[in-house]
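Close look at the chain arrangement
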Amino acid sequence: MPSLNAGDMLDRDQLLTLMQSSSAGLFHWVAETGALTWSDEVLQMLGHTAEPDAHALVHPADRNAFIDALEAGASSDQVMTATLRLRNADEAYLSFNATALRTSGADCVSGVAGFLQSIAGEVDLREALDRSERLFNEFFENCPASAYIKTLDGRNVYGNRLAAEWWGLSREDLARSNARDFFDPDAYERVQAHDAEVVRSGNPITWTGRIKARTGEYRIIRASKFPVQEPSTGETMVGGFSIDMTREKEAEEALFHSRKLDSLGQLVGGVAHDFNNSLAVMLGNLELAETEADPDLRAEMFRDIHEAIERSRNLTRTLLVYGRRAILEPSALDMVALLRGVVGMMRRTFPETVTIDLRLDGAPGPVWADKSQVEDMILNLALNARDAMPEGGALTVSAKIVQLPGSPTEVPGLPKGGRFVVVEVADTGEGIAPDYFEKIFEPYFTTKPVDKGAGLGLSLVQSYMHQLGGCIDLSSTQGLGSVFRLYFPVSDGQALPIETPATASLDRSYHVLLVEDDPAVLRAARGQLEKIGCSVTPALSGAEALRLFQADATIDVVITDLVMPGAIRGRDLARRVVALRPGTPVIFVSGYPMNEAGEDAENAVAEGVTMMKPVSKEQFAAALAALDIG
C-alpha cells in the first residue's frame, strides 16, 4: 500500500482504490463537502454488513473533536492524530487511534486521508485500572475501620478517612506521620512488636488490647494486621484494619454490671426471705415461751428456735461458700464411705415411692474436699431429684474414676486433664427444660414454689466445685430425667476414716479469759462456757483483757474475737499474752470470713484454733477439749 506523506497528491479514484485494497482500516474526509468515508475493513472490524451513516458511527461525545482535528489536518502538512470511539453492530463503542495526512492539489480531492489502529484492549485495561483504583478508594474510604499501610519503622504510607479522624489529622499530615506520634512509649512498643511479628512470619495476626494514646486517652482496639509487598522496591510493609471497641466494651461492662445488680437483687431477696422466716420462728417461740407453763411445750419451742438458728447459720455458711469466702477444711476423703453414709440417710428419710440405688465402680480413690460440703452438695442434688419425682421414681447415686485428656479444649466445660472421681446423681423425674440450662446455676433461680426452696443450692455446688478445681456437669431430657455429675480431683493422700461426731465433754474445768466487744454476744458466750463447767473472766476490749491477764495467773486459755476496735486487736492480744506467759492457748472467734479479716486472720489460722460465729456450747467444749493444757 502506498504510504501517505505530506504533499502527496491523490485524486478521488486513487483514494478509493487505496482504501479498498488496504488491509488496514482507512478513512477519508472531504473538506469541501464534509463527506466522511470508511473503508470496508473498518466496517468489518465494527461488524456492520451494510454501510451506515459514516458520521453516525462516531461517538457523539467524540464527533465534534474529531471534525475539528480533520479540519486542522486539512490546512496543515503535519501528521494528524486523534483518538475516537466508533459504534459497532452490537451498539457498543470501540476505541481507535486515527493517523492521517492532508490531501490537496489541482488533481486531487482536498481533505484528509488516514488509517485507524484499534486500541480497545489498551483502553479497556486503562479503564479497568481506573475502575479498580476507584473501587479500592471507595472501599477503604467507606470502611468502618481504620485502614492503613505503614513501614516497619512506623512511617505511615496510607491511611483512610477514618484513620485520619481517629488521630485528628488531615490526610496529608497522616501520610507524613509515624505511629510513635500516636501512642505512649509502652503502647508503641507493643504495636511495633506486633508489626515485627507480621513482617518476620509473613502471616496475619489479630489482637485486642487496651492502649494509651499520647493524649492520655485509653482505647480498646481490635487490630488485624497482614504483610503488604511494595511492588517497586519489594519492601515488606504492614497493612491493617483497626476497630475502636471502646464504646462496645463500655456497653458490655454496663450490661454486665446491670446483670450483676439484678442477680444481687435476687440474692438479697432470697436471703431476706430465708432469714425473715427464721426470725419469725425465733421471735414467735420466744414470745410464747415467756408465758408458757407447760415444760414440754416450752422445750418444743426452744427446739424450734434452735433449728431456726441452725438454718440461719447454714445459710450464712452457704453464702460464704458461694462467695468463696468460707473457712473450708479440705482433707483426703474416702468417697465410698461418704456416699454409703449419705445414701443410708436418704433411704431412712426419703419416701418409699423413691427407690435409691448406690453403684460403686471398683473403689474410687480419695478426693480432696471438705467433708461437710460434699455431704451437703450430694444431699442437695438428691433432694432436687426427689422433688422432680412427685409420683415416685428411681434415684441412682454412683461413683467412678475417669481420666480426662490433658487439654481442656478437648472436653468443653470440663476441667483440665487428670484423674477425677465422678459422682453421678441420676433420677427418672420430669427433666429440665432446655431454656433453663443456662439459668439453673444462677443464685436464687428456682422453678419450685416459694415454700419449697430458695434456689441457692446449685449455684453453691458450682461455686464449691470450681474452688476444688473440678466442675459440675448436667444432662437432661424432659420426661426422662436428669443426671448431675460432680468431678472431684483425686487426692494423693491417705483417706481419713469417716467418723460419727460425738458430743464433746470436758474432763476438767478451765479458767477462760473471754474477749468480745459486743456486750450481748459476750453475755451469751459467757453463759455457754459456764454451762460446760468453765469459770469465765469477761473483757470488752483487748486493752482490758491484757490488764486482766497480767493480774490473774490462774487463766488457762484466752478466747478472743479476732476483729475488735481499739489499738489491741485479737491477734495483737494473743501475741502479747504468749509473750507474757509462753504456751498459753488462744482460740480465735470471728463473725468475718477469714479472708475478709485481713492479715490478722491469715496469721490467726496458722497460730491457733479459729471458729466462725455463731458458736454453740458443744463447739466451745470440743475446742477446749482438743487443747493440750497441763
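**Some details on the overall build of the chain**
Check the secondary structure of the chain and you find 17 helices and 22 strands. For the chain, the accessible surface area stands at approximately 34300 Å², while carbon and sulfur atoms represent 52% of it.

**With respect to the sheet that holds strand β1 (residues 25-30)**
Here 5 strands make up an open sheet; going across it, the order is β2-β1-β5-β4-β3 and the pairing antiparallel. Every other strand in the sheet has two partners, leaving β2 (36-38) and β3 (80-87) as the edge strands with one partner each. Each adjacent strand pair in this sheet contributes to an overall mean axis angle of 25 degrees, direction not counted. The pairing of β3 with strand β4 (residues 93-103) spans 8 bridges and is antiparallel. Bridging across to β4, Arg-85 finds its partner in Ser-95.

**With respect to helix α3 (residues 60-74)**
Between its first and last C-alpha atoms α3 spans 22 Å; for 15 residues at 1.5 Å apiece the expected length is 21 Å, and the two agree. Looking only at α3, the buried set comprises Asp-62, Phe-66, Ile-67, Ala-69, Leu-70, Gly-73 and Ala-74. Buried residues of α3, viewed axially, fall in a sector of 165 degrees; they line one side. Residues Ala-61, Asn-64 and Ala-65 are exposed on α3 and point more than 90 degrees away from its buried face. Summarising the contacts, the buried residues of α3 are in contact with β1, β2, β3, β4 and β5 (111-118).

**A few points about the packing of aromatic side chains**
Overall, the coordinates contain 12 aromatic pairs when judged by the stated rule. Ring centres of Trp-38 and Phe-66 lie 6.4 Å apart, and the angle between their planes is 10 degrees; on these two criteria the pair is classed as stacked. Within this pair, whereas Trp-38 is found in strand β2, its partner Phe-66 is found in helix α3, the two being separated by 28 residues in sequence. Its relative accessible area of 5% is what places Trp-38 among the buried residues. Look at Phe-66 and you get buried, because its relative accessible area is 3%. A centroid spacing of 5.0 Å and a plane angle of 90 degrees characterise the contact between Phe-139 and Phe-140, whose relative ring orientation is edge-to-face. Among the residues examined, Phe-140 registers a relative accessible area of 15% and is labelled buried. Every member of this aromatic cluster is reached through a ring pair, and the members are Phe-139, Phe-140, Tyr-158, Phe-226 and Phe-241.

**Here's the deal with the pattern of salt bridges**
Evaluation of the coordinates by the stated rule reveals 19 salt bridges. Where Arg-176 meets Asp-173, a salt bridge forms, and the shortest distance between an N and an O atom there is 2.5 Å. Taking relative accessible area as the criterion, Arg-176 reaches 62% and is therefore assigned exposed. By relative accessible area, Asp-173 is classed as partly exposed at 35%. When the shortest N-O distance is used, the salt bridge between Lys-613 and Asp-561 registers 3.5 Å. Taken together, the residues Lys-613 in the loop between β22 (609-612) and α17 (617-625) and Asp-561 in strand β20 (residues 557-561) connect sequence positions 52 residues apart. Residue classification places Lys-613 among the partly exposed positions, given a relative accessible area of 26%. Each of the salt bridges in this network shares a partner with another, and the network as a whole consists of Lys-150, Asp-195 and Lys-225.

**Things to note about the sheet that holds strand β10 (residues 236-244)**
Taken together, the 5 strands give an open sheet; going across it, the order is β7-β6-β10-β9-β8, and neighbouring strands pair in antiparallel fashion. The open sheet has two free edges, formed respectively by β7 (156-159) and β8 (205-212), since each of these has just one partner strand. With direction set aside, neighbouring strand axes in the sheet form an average angle of 25 degrees. Pairing between β8 and strand β9 (residues 218-229): 8 bridges, direction antiparallel.

**Examining the packing of helix α14 (residues 542-551) against helix α15 (residues 570-580)**
For the pair α14 and α15, the least separation of the axes is 10 Å and the interaxial angle reads 15 degrees. The angle between α14 and α15 falls in the class roughly parallel. Of the two elements, α14 crosses α15, and the hand of that crossing is right-handed. Contacts from Gly-542, Ala-545, Leu-546, Phe-549 and Gln-550 of α14 reach α15 at Leu-573, Arg-576, Val-577 and Leu-580. The residue inventory of the contact of α14 with α15, partitioned by class, reads 6 nonpolar, 2 polar and 1 charged.

**Some words on the nonpolar core**
By size, the foremost hydrophobic cluster in this structure holds 39 residues, and its most contacted members are Val-374, Leu-395, Val-423 and Phe-488. Residues in contact with Val-374, not counting those within four places in the same chain, are Leu-333, Met-335, Leu-338, Ala-369, Tyr-464 and Phe-488. Membership of the second largest hydrophobic core comes to 24 residues, among which are Leu-70, Ala-82, Leu-86 and Leu-116.

**Focus on the confidence of the model for the chain**
Confidence in the prediction for the chain averages 78 pLDDT; 78% of positions are at 70 or higher. Throughout residues 1-12 the model reports pLDDT below 50, and contacts reaching past four residues in sequence, or to other chains, amount to 28 contacts.

**Quick notes on unusual backbone geometry**
Positive phi, close to 70 degrees, is recorded for Glu-91, a residue that is not glycine. Along the chain, Glu-91 turns up in the loop between β3 and β4. Residue classification places Glu-91 among the exposed positions, given a relative accessible area of 54%.

Procedures and definitions
Residues numbered from 1 in each chain as written. Predicted model: local features only at pLDDT ≥ 70, side-chain atom pairs only at ≥ 80, totals over all residues. Heavy atoms only, no water. Helix = DSSP H or I, 4+ residues; strand = E, 2+ residues; numbered from the N terminus. Areas by Shrake-Rupley, 256 points an atom, 1.4 Å probe, with all protein chains shown as cover. Pairing = 2+ DSSP bridges. Axes fitted to C-alpha atoms, helices over the stretch in contact; angles between N-to-C directions. Expected span 1.5 Å × (residues − 1). Buried < 20%, exposed > 50% of the residue type's maximum accessible area, 1.4 Å probe, protein only. Arc of directions from axis to C-beta. Contact = heavy atoms within 4.5 Å. Phe/Tyr/Trp six-rings, centres within 6.5 Å; stacked < 30°, edge-to-face > 60°. Salt bridge = Lys/Arg side-chain N within 4 Å of Asp/Glu carboxyl O. Parallel < 35°, antiparallel > 145°, perpendicular 65-115°, else oblique. Left-handed = near helix turned anticlockwise from the far one by under 90°. Nonpolar A, V, L, I, M, F, W, Y, C, P; charged D, E, K, R; others polar. Core = buried A, V, L, I, M, F, W, Y, C linked by side-chain atoms within 4.5 Å. pLDDT = per-residue confidence, 0-100.

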